[in-house]
Structure formats: C-alpha cells, structure tokens
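One letter stands for each residue in the lines below.
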Amino acid sequence: MTERLSLATLDQAPAELRPSYDPSSLAIGIVHLGLGAFHRAHQAVFTDEALGVEWGDWGIYGLSQRSRTVPDQLEPQDGLYAVLEKAPGHRACRIVGSIRKVGLASEGSGDLTRWIAAPATRIVSLTVTEKGYRHDPATGQLREDDPAVQADAAGGDASTVVGQLVRGLQARRAAGGDPLTVLSCDNIAGNGRLLRGLVEQFCSLLDPKDERALRQWMAANVTFPSTVVDRIVPATGAADLEEARQLLGLEDRGAVVAEPFRQWVIEDDFAAGRPAWDAVGAILTSDVLPYELAKLRILNGSHSTLAYLGAVAGHDTMAAAIGEPALAALVRRMIRDEVIPTLREPPGVDLSRYGDAVLERFANPALGHRTHQVAMDGSHKLPQRLLATARDLLSDGRQPRLIALAVAGWMRYLRGVTDAGDRYEVADPMADRVVGIASSSDSSGTIVTRLLAIREIFGDDLAGLPAFRSAVSEWLGRLIEDGVLRTVDQAVSETP
Ligand code: CS2
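On a predicted model such as this, the values are computed, not experimentally measured, just so you know.

Student: Can you walk me through the overall build of the protein in this structure?
Tutor: Within the protein one finds 21 helices and 14 strands. For the protein, whose C-alpha radius of gyration is 23 Å, the value lies close to the compact-globule estimate of 23 Å for 496 residues. For the protein, the C-alpha atoms occupy an extent of roughly 60 × 60 × 40 Å along the three principal directions. Here the protein holds 496 residues, and 57% of them are scored as buried. A separation threshold of at least 6 residues defines the contact pool for the protein, and within that pool the share at least 24 residues apart is 78%. Distance between charge centroids for the protein: 1 Å, based on 51 positive and 65 negative side chains.

Right under this line is the structure:
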C-alpha cells in the first residue's frame, strides 16, 4: 500500500518535486477563504514559489466554506498536495508547501475570527466564487433581504463570507487594530472595490456606534486591492489522483490539475506587506482595470458562451466545444468584432493575440474541463462576462449581435436538455426562478421578456432596449427550432 503524502513522508517524494523550503518551519500570515482547487493551483502556488525567492512568514490557513471534503483531504496530509500541470506534450508536477493549516469556516467561526484578528495575519484572501459575495450582480449591492445575511447581522456565528470578514475585522480592531489587506481573487469586475462596498454595507446593519468606529478604523487600516486571476483549473478526477500517486510515489487525495499558464494582476495597495509574488510572475500595478475587463470579457465571456452552446450541442468538455468549427468561429468573431472594440489595451498586451492565445488554451484536451462546470452559476457570471460588453456597444450606438446570441445560449442552456434530448441538471443559485421561465412552453419572445425582467441579472436598462430584446428573442427562437449548430453556423456566415 502506498503511504500518504504528509510532512512525515515528504522526503520520500522525488527531491525535484518538493518545495524548496521546509514547510514545517513556515508560520501563517495569510487567511484564505475558499479552499477550492482554484486557490490551490493559483495563489497558493504563487506564494509557494515566492517563498523560494524571499523567505517570510506567509503560510496560508485555508478554509472551506461549507463542505468538509477538502479539509478532510488535506488535514491528514499536513496541508501538502501536488499540482499537476497538463497540456499536450507537457506534464509537470510539484508539491506545494504554502498551505499550513486547513479548516471549515462555517464550523465554529470563532476560530476564523481569532485568526483574522491575529497580528501575525496580514492578508485575508478570498476565492469564494461569484455567488459567495451574496450581492446583487447587477448593482453590486449586498442582498440585505438574504436570510443568511440577516442572521449574520443579528450576531452569533457568521455563515456568510461578508459576515465572517466583518466579525474578524471587528475583533482585529478590538485586539489592537493592526493593518490588514483583504484580497478578493474572484472573477468579478472591480472585485476589491465591490468587496469593500459589501463590507461597508454590512457594517451599516450593525449598531450605529460600532459601525462608525469600525468604518473609521477600516478607512485608515484596511485595504481592498482588486485583482485579476487567471488559470484554467478543472475538477480533479480519479485518473488525476492516480497520476499524482505514480509521480510522487505517495498517495495524494488533495492533488489538483491545471494548465501550464497562469496570471495574476494585483492592484498594488497592501496595508501590511505581501509575499514576493511579483518575483514569480505576478504583475503589480496601480491600474488593474484594463486587465480586468480584457480577462473577464475575452476569456470568461467566450468561455461561458462555449460552455452553454457547447453543452446544448452535446459536448462534455471545453476542448470538444472549441473543437466544433462553428463554435470556434463564433467566439473568434465575437471577440474580434464585439468584445475588443469595448476594451483598452493593458500595457504591452496585444488584445487580438491575447484572444487567440485564450482560445488555444481552451482547446487543451489534457484538462478534461467540463462544459457544465463552466456553465454553472450563469446568473452571477453573465453581468461581467457578457452584459457589460453589450452595454458598452449599445451606448456606442452599435448592436451586440453575437453577444445577444451568447445570452440566448445561456437561456437555451437553462432548459436543461441538449439538442439530442438528453437531460442535465442546471446548477445556479437562481435556478428556482430562471429554469422554470426558460423551460416553459411560452414563445421565445415571452421567455426572453420574462428573463430580461430579472433586474438582479439584467439591471434596469437592457429589458427596455427593444433592439437587444428582439435580437435575443430571435436567437433563442432559432436555437430552439434549429438547434445550436445550425444556428451558430448561420450566425457566422451572416457575419462579414
Ligand atoms: C471559468 C473560469 O468556471 C468558469 O466560469 O470561466 O473558472 C475560468 O476557467 C478561469 O477564470 C480561468 O482563469
């Protein structure tokens, strides 16, 4: 039987796969909320490599929100796990040592509060997915009518991320008030600014005296830099774990898979220092906005488009979806004609080359990245990935024709059945509302009108723009009648 990876067995792994430092000597300086595969393949890797360049107490205490799955995988391994990089003709594997403690945020959140308050903690970072912010994606406001938000504001153990943060910030202020950086790493436009707003809004639900004191202290001591994160990280499968076992000579139940590419652009606004992330490829800048819009609109916008249309066309993986010539041509044109014209080029970046590189990354067949994984939670992804682009075009007097097709693709996906008639489950926090509307036997025009009226997703403006509404209705009608591939083929051939 193969032994399990842990601090005690680490020296049995091949030397070139081990961290360049002794993880057992690393103290915690970062609390991370959201211990999913993405964090383990992204920020934890940057931190691990930065420690090899410049030593510091930047170990990570990573917490899952609700599920014990990841803590249960990593606890017996003392936080150690491997990252397996996969691309055609490329395999690399390394053990990451930066995660030093794991836990569950919803279980006795007192421990989390204490760690956020601890002077040794200098950064609290987050990858809690779009829906984890419990905001209204169209306006960026905290959902004050959300029962979990209300329960957190009333006191007791906090179950929402913003509630947990505020509880921790209150304790930190009371414990001496050392400065802190709160670092959002989720795919949302202006993620740092958004999170600061949500934290402040939550404060306004507290006793006015507490609110004033906390807000004053935060204004002087807590920063919320915005960041752009990028790495494709599929869910780990059994074959990946087996591959990790072969490479390590040890069993690793926490291994994660990723593409070789990774990028991190961070607004340089740290209140209490940071690891030498810039020494290992992160870009520190005062202006993240152009990177942010390019990444969300080009990469994530076309990712979602391919996921919805690809899944309905019966493709299980992103590589298969982009391997479908009509779908590849669609996203290529969408990027060229409708997305890039809304963007400002980040320094040294050629956006059309960036677009090509992104589509090549999607085609990586070694990842097995599932279309349904990318398609989930669309109600929280559409606004920053597709709708913001549509708005910019419309305000410039142009019609977002292909973006309208992508939006119709989301609506078609919500019907929960492929063109071939196979059923699938739609995972979305608003599934209760949107699936029923999308699956009804109403005309496509009625379905689109009813969906566009959901202002948490579409805001107050898009439903009122007849040209946009009729374009989405027309596409949805064609997607339902003719199927994805014929519709997309025609859309591409109608585009000059
Ligand atoms: C994907 C992203 O699941 C999704 O919605 O679009 O997770 C994507 O893989 C990453 O943002 C890539 O950086």
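Student: What exactly am I supposed to notice about the packing of aromatic side chains here?
Tutor: The description of two aromatic rings rests on the distance between their centres and on the angle between their planes. For the coordinates displayed, the defined rule picks out 8 aromatic pairs. When the ring of Tyr 21 is compared with that of Trp 55, the centres are 5.5 Å apart and the planes differ by 55°; the resulting orientation is tilted. Highlighted residues: Tyr 21 in the segment before strand S1 (28-33) and Trp 55 in the loop between helix H2 (43-53) and strand S2 (59-64), separated in sequence by 34 residues. On the basis of relative accessibility, which here comes to 10%, the residue Tyr 21 falls in the buried class. Note on Trp 55: relative accessible area 43%, which makes it partly exposed. Each residue in the set Phe 46, Trp 264, Phe 270 and Trp 277 is aromatic and connected to the rest through ring pairs, giving one cluster.

Student: How should I be thinking about the nonpolar core in this particular structure?
Tutor: Generally speaking, soluble globular proteins have nonpolar side chains that are buried together. Val 407, Trp 410, Met 411, Phe 458, Phe 468 and Val 488 are the most contacted members of the largest nonpolar core, which totals 84 residues. Counting residues per element, this core draws most heavily on helix H16 (residues 401-413), at 10 residues. Each of domain 1 (10-285) and domain 2 (289-494) contributes no fewer than three residues to this core. Among all residues touching Phe 458, those that are not within four sequence positions of it are Leu 382, Leu 387, Arg 391, Val 407, Trp 410, Met 411, Leu 451 and Leu 452.

About the cut-offs
Per chain, residues are indexed from 1 in the order of the written sequence. Reporting in this predicted model follows two pLDDT cut-offs: at least 70 for local features of residues, and 80 or more for side-chain atom pairs to be given and counted; totals over whole chains, interfaces and linings ignore these cut-offs and use all residues. Values reported for side chains reflect all heavy atoms of the structure, with hydrogen atoms and water molecules removed beforehand. Elements are defined by DSSP. Helices are runs of H or I of four residues or more, strands are runs of E of two residues or more, and each kind is numbered from the N terminus. The globule rule used for comparison is 2.2 Å times the number of residues to the exponent 0.38, while the radius of gyration itself is calculated over C-alpha atoms. Under the scheme applied here, a residue whose accessible area is under 20% of the maximum for its type counts as buried, over 50% as exposed, and between as partly exposed, the area being computed with a 1.4 Å probe on protein chains only. For this analysis, residues touch if any pair of their heavy atoms sits within 4.5 Å. Under this rule, positive means Lys or Arg and negative means Asp or Glu; His and the chain ends count for nothing. Taken as the charge centre is NZ of Lys, CZ of Arg, CG of Asp or CD of Glu, depending on the residue. In this analysis, rings of Phe, Tyr and Trp, with Trp reduced to its six-membered ring, are considered paired at centre separations within 6.5 Å, and the interplanar angle assigns stacked below 30 degrees, edge-to-face beyond 60, and tilted for intermediate values. In these notes, a set of buried Ala, Val, Leu, Ile, Met, Phe, Trp, Tyr and Cys residues joined through side-chain atoms within 4.5 Å is what counts as a nonpolar core. Note that domain bounds follow an automatic or database assignment of domains.

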